[in-house]
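Summary of structural features
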Amino acid sequence: MCAAAVEHPCDGEPDRPERPEPESLLESANRLSEQLPGHRVEIIGGVITVAPSPDGAHANALTSLMIPFLTAGLHGGESKVLQAVGVWLPSGSSDYAIPDLAVVDADFDEHVVENNCYDPAAFRLVLEVTSGNYQNDLRNKVAAYANAKIPVYVILDRKHGRVHVLTEPLAGGYDTHQVYAPGHSLTLPDSIGAEVALDVTALVAAGRPRPKPKPEQEPEPSPSQEQEPSEG
C-alpha cells in the first residue's frame, strides 16, 4: 500500500523577503550626519533639523564669545568650556541638541546618556550663535533647553544684532528673558561658576558678515572709441 504524497499549500512558491523594520528617528539622524559632513543634525521635539555649515563670521563670533569664559577660568578643574557637545533632551525619546558652546561640569564625561550626548544636569550654560536657521534657536530650542532645566541659555542673534540671556527655566520656556542691544554690556549669572561679562557691541560686530563686493561693470566706450560703420 502506497502512501500518497502530502502537498503543502506553499510548496513551489518563492520565499517572500521579510519586510525590513522601519528606521528609527535616531538612526535617520545619524545617517544624515554621515551623508552631510559639516552639517549639524539635531532632533528637537521629535523633528530632525539640519543646519548647514556655518560661515566664517559665525566662527569668528564663537571664538570671540569663548574668550571671556576662558579668561574667567571656567575651563579648569571644576568646569569645562566646550564647543558642539551634544546634550540629551527629555522632550522626546530621541531628542538631542548640539549647542555651539556650553559650560559643563568637569566630570561631564561620566554622564553619557546615548549617541555621544550627555545628561543636561551636567550643563551650566548653553549658547547659540544664529545662522540661517535662527528661528530654531529663538523658538524651538528655548523650550527644549528650558524643559531640560539648563539654567542659562545665551543667544547671539546675528540677524537682528542682539544678545538674548534666558534664565530660570520653566516648563516650556524661561521665566526671565533679557535682550541686549549694541552699546550695552551684560554680566552672566555667577551660577555658571564665575563672573563673565560680554560686550554686546563687539559680539554683534564679530558676527556680522562682510558685504560681498559688487561685480565691476565694464566701462562704456566713449564716443571717440565708437567706430563708424564701414561703407560697401
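As a reminder, the structure under discussion sits directly above these lines.
In this report, we go over the structure that sits alongside the text. Predicted, not measured: the structure shown is a model, and the values here were computed from it. (Residues numbered from 1 in each chain as written. Predicted model: local features only at pLDDT ≥ 70, side-chain atom pairs only at ≥ 80, totals over all residues. Heavy atoms only, no water.)

Moving on: the environment of Ser185. For Ser185, the location among the structural elements is in strand β13 (residues 185-187). Between the alpha carbons of Ser185 and Ala202 there is a distance of 9.7 Å; along the sequence they are 17 residues apart. Residues contacting Ser185, with those up to four places away along its chain left out, are Tyr180 and Leu198. (Helix = DSSP H or I, 4+ residues; strand = E, 2+ residues; numbered from the N terminus. Contact = heavy atoms within 4.5 Å.)

This part is about the environment of Lys141. If you trace the backbone, Lys141 turns up in helix α3 (residues 134-147). Relative accessible area serves as the criterion here: at 2%, Lys141 is assigned to the buried category. Measuring from C-alpha to C-alpha, the distance between Lys141 and Glu128 comes to 9.4 Å, with 13 residues separating the pair along the chain. If we ignore the near neighbours within four places in the chain, the residues touching Lys141 are Glu42, Ile44, Ala97, Ile98, Glu128, Asn136 and Tyr153. There is a polar contact of 2.8 Å between the side chain of Lys141 and the side chain of Glu128. (Buried < 20%, exposed > 50% of the residue type's maximum accessible area, 1.4 Å probe, protein only. Polar contact = N/O pair within 3.5 Å; in protein donor to acceptor, adjacent residues only side chain to side chain.)

Below, the discussion takes up the packing of aromatic side chains. Within the structure shown, the criterion is met by 4 aromatic pairs. Measuring from centroid to centroid gives 4.9 Å for Tyr145 and Tyr153, while their planes differ by 75°, and the two rings are edge-to-face. Overall, the relative accessible area of 0% leaves Tyr153 in the buried class. Through pairs of rings, three or more aromatic residues link up here, namely Tyr145, Tyr153 and Tyr174. (Phe/Tyr/Trp six-rings, centres within 6.5 Å; stacked < 30°, edge-to-face > 60°.)

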